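Residues per chain are reported as follows:
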Amino acid sequence: MNKVSKSPWLLHYDASSCNGCDIEVLDCLTPKYDIERFGIINTGDPFQADILLITGGVNSQTESVVKQIYSQMPEPKVVVAVGICACTGGVFKECYNIKGGIDTVIPVDVYVPGCAARPEAIIDGVVKALSILDAKQAAMSKDGR
Amino acid sequence: MVKIVFVLAYLILAPFLGALLDGVDRIISARMQRRKGPSLLQPFYDLGKLFSKEMIAVNNVQLLLNLSYLVILMIAGCMLFYGADLLMVLFILSTADMFLIMAASSDSSPYANMGASREMLQMMAYEPLTLLIAVGFYLTTGSFQVSDIIRADTSAVLWMPGLLVGFMFTAAIKFRKSPFDLSTSHHAHQEMVKGLTTEMSGTTLAIMNIAEYYEMILLLGIFCLFFINSTWWSWIAAILICAVIFFMETLWDNISARVKWKTLLYSCWVVTLVAGGVNILILMLDK
């Protein structure tokens, strides 16, 4: 069987990030880190994505968007929360408009802490997500879906 | 008998060859950007993954329309490799594209609809030259039949260099290469998500990709027609030149930015008129 981890397509969404983590995510695409060597494509389309990579905590405006993007992605899929804000809410945790980390809205598989998360840490997190992706695919085919 | 072998070889090998070429293209692009790039077999991994994904269909008809795109492209390719009428091949090729446009406009996504209208615009840009090429081959060799064209004493390119240049220019649209990748792009981000393929996922997208591989080989086959004559070595030369042309498309893709639709339309028509039209005029006067 062809493994989904051989060709993981990635969708990046900025829930309420200060853009620090977003720039580090884009760093992963540069010649120095080049995540395309894993077959990863940074796609903009939830219909074609396997990994949802979210930066920043969820606020009342992005909550519905996060939910919608997640629901538009076909199974198997994984969610990677990048940066401490996406993990727990970070320094904005107590703000009146912040709901908290991404896991307050959708299930998160991998947490990548850091402020901002370093490209090496993001790549490690994504590679860890790949094994979870494979496990989910195996479970899916076991169910006969 | 040989013709049947050619058709079978096209049907079986074209998607593999197309995917390999796509893999080569991605590695060369990566090297041009000083990256390592994915493995050569990456397009196969992508296809395998797409087929294994959950089926999210926005409607019932999109998969059917994409399948029609694939099947009609296969018919066009088979006719070319069988040695049938070139004019018919080109007409069927445009019919196939209409099914892709219908597939994209069958869903409600504004991005897909914009992609569909841009695809139609691209058709308007390259279609005149495509027809001129068929006329050029007729004036040069006296026949629309591919089997007659490849039996000519001299390569057709000697009589129609202008048309070759024009075809190289418009092939960038067909290969979906920058600066002409308006409707959808192989590259990640663009101003309208994924254009044509925005609402295609899993199997539907995989079928569209396979169809593109068939189309790629079909177009390279038409490029070969320019060079093949009755000698055996012209076949080898044609394949080598095709490789060069494909490399140039990749280079073009990496060094240019996407143009606006008006620039696309006007530049294609100017090239068609100047390179193609003058070439046809000379052929008509001389032959």
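On a predicted model such as this, the values are computed, not experimentally measured, just so you know. (Residues numbered from 1 in each chain as written. Chains lettered and ligands numbered in written order. Predicted model: local features only at pLDDT ≥ 70, side-chain atom pairs only at ≥ 80, totals over all residues.)

Take the overall build of chain B next. Counting its regular elements, chain B contains 10 helices and zero strands. Reading the secondary structure of chain B in the N-to-C direction produces α-α-α-α-α-α-α-α-α-α. For a compact globule of 287 residues, the expected C-alpha radius of gyration is about 19 Å, and chain B comes in at 19 Å, within 12% of that figure. With the C-alpha coordinates aligned to their principal axes, the bounding extent of chain B is approximately 55 × 45 × 40 Å. For chain B, with 287 residues in total, the buried portion stands at 49%. When contacts within chain B are restricted to residue pairs at least 6 apart in sequence, those whose partners lie at least 24 apart make up 75%. (Helix = DSSP H or I, 4+ residues; strand = E, 2+ residues; numbered from the N terminus. Rg over C-alpha atoms; globule rule 2.2 N^0.38 Å. Buried ≥ 20, exposed ≤ 12 C-beta atoms within 10 Å, placed from the backbone. Contact = placed C-beta atoms within 7 Å.)

Counting its regular elements, chain A contains four helices and seven strands. Reading chain A from its N end, one meets helices and strands in the order β-α-β-β-β-α-β-α-β-β-α. Here the C-alpha atoms of chain A give a radius of gyration of 15 Å, agreeing with the 15 Å that 2.2 N^0.38 yields for 145 residues. Along the three orthogonal principal directions, the C-alpha set of chain A runs to about 45 × 35 × 20 Å. Every one of the 145 residues in chain A was classed for burial, and the buried ones make up 48%. Nonlocal contacts in chain A, meaning residues at least 24 apart in sequence, comprise 81% of its contacts between residues at least 6 apart.

On to the sheet that holds strand E5 (residues 78-82) of chain A. Residue and element names in this part refer to chain A. Pairing within the open sheet is parallel, and its five strands lie in the order E2-E1-E3-E5-E7. Edge strands, defined here as strands with exactly one partner in the open sheet, are strand E2 (41-43) and strand E7 (110-112). Neighbour-to-neighbour, the strand axes of the sheet open up by a mean angle of 25°, direction not taken into account. Sheet strands touched by helix H1 (residues 20-27): strand E1 (9-14), strand E3 (51-55) and E5. Its angle to E3, the strand with the most contacts, is close to 140°. Here helix H4 (residues 119-142) sits on the sheet and contacts E3, E5 and E7; the angle it forms with E5, its principal contact strand, is near 160°. (Pairing = 2+ DSSP bridges. Axes fitted to C-alpha atoms, helices over the stretch in contact; angles between N-to-C directions.)

Let's shift gears to unusual backbone geometry. Only a minority of non-glycine residues have a phi that is not negative, and only a minority of peptide bonds are not trans. Between A:Glu75 and A:Pro76 the backbone carries a cis peptide bond, its omega angle lying at -10°. Tracing the backbone shows A:Pro76 in the loop between helix H2 (63-72) and E5. Residue B:Ser178 is joined to B:Pro179 through a cis peptide bond whose omega torsion reads 5°. Looking at the element boundaries, B:Pro179 is found in the loop between helix H7 (161-174) and helix H8 (202-227). A positive phi angle is found at A:Asp34, which is not glycine, with a value near 40°. When you line up the elements, A:Asp34 lands in the loop between H1 and E2.

Our next topic: the interface of chain B and chain A. With 26 residues of chain B at the contact, the number on the chain A side is 19 residues. Elements represented by at least two residues in the side of chain B that touches chain A include exactly helix H2 (42-52) and H8 of chain B. Here the element with the most residues in the side of chain B that touches chain A is H2(B); it accounts for six residues. The residue inventory of the side of chain B that touches chain A, partitioned by class, reads eight nonpolar, nine polar and nine charged. (Nonpolar A, V, L, I, M, F, W, Y, C, P; charged D, E, K, R; others polar.)

Before going further, it helps to spend a moment on the packing of helix H1 (residues 2-32) of chain B against helix H3 (residues 61-82) of chain B. Residue and element names in this part refer to chain B. At a closest axis distance of 8 Å, the pairing of H1 and H3 adopts a crossing angle of 145°. Along this stretch, H1 crosses H3, giving a crossing that reads as right-handed. Every residue of H3 that contacts H1 at Lys3, Phe6, Val7, Tyr10, Leu11 and Ala14 is listed here: Met74, Gly77, Cys78, Phe81 and Tyr82. Residue composition of the contact of H1 with H3, grouped by class: nine nonpolar, one polar and one charged. (Left-handed = near helix turned anticlockwise from the far one by under 90°.)

With that out of the way, let us pick up the confidence of the model for chain B. All names here are of chain B. Mean pLDDT over chain B works out to 89, with 99% of the residues at or above the 70 mark. Summarising per-element confidence for chain B, the mean pLDDT is lowest in helix H6 (residues 146-149) (86) and highest in H3 (92). With a pTM of 0.91, the predicted complex shows an ipTM of 0.87. (pLDDT = per-residue confidence, 0-100.)

This brings us to the nonpolar core. Judged by nonpolar contacts, the single largest core of 83 residues is most densely connected at B:Tyr69, B:Leu73, B:Ala76 and B:Tyr214. Here this core takes 17 residues from H8(B), the largest share from any one element. A:Leu11, A:Tyr13, A:Leu53 and A:Ala117 belong to the second largest nonpolar core, which has 41 residues in total. (Core = buried A, V, L, I, M, F, W, Y, C linked by C-beta atoms within 7 Å.)

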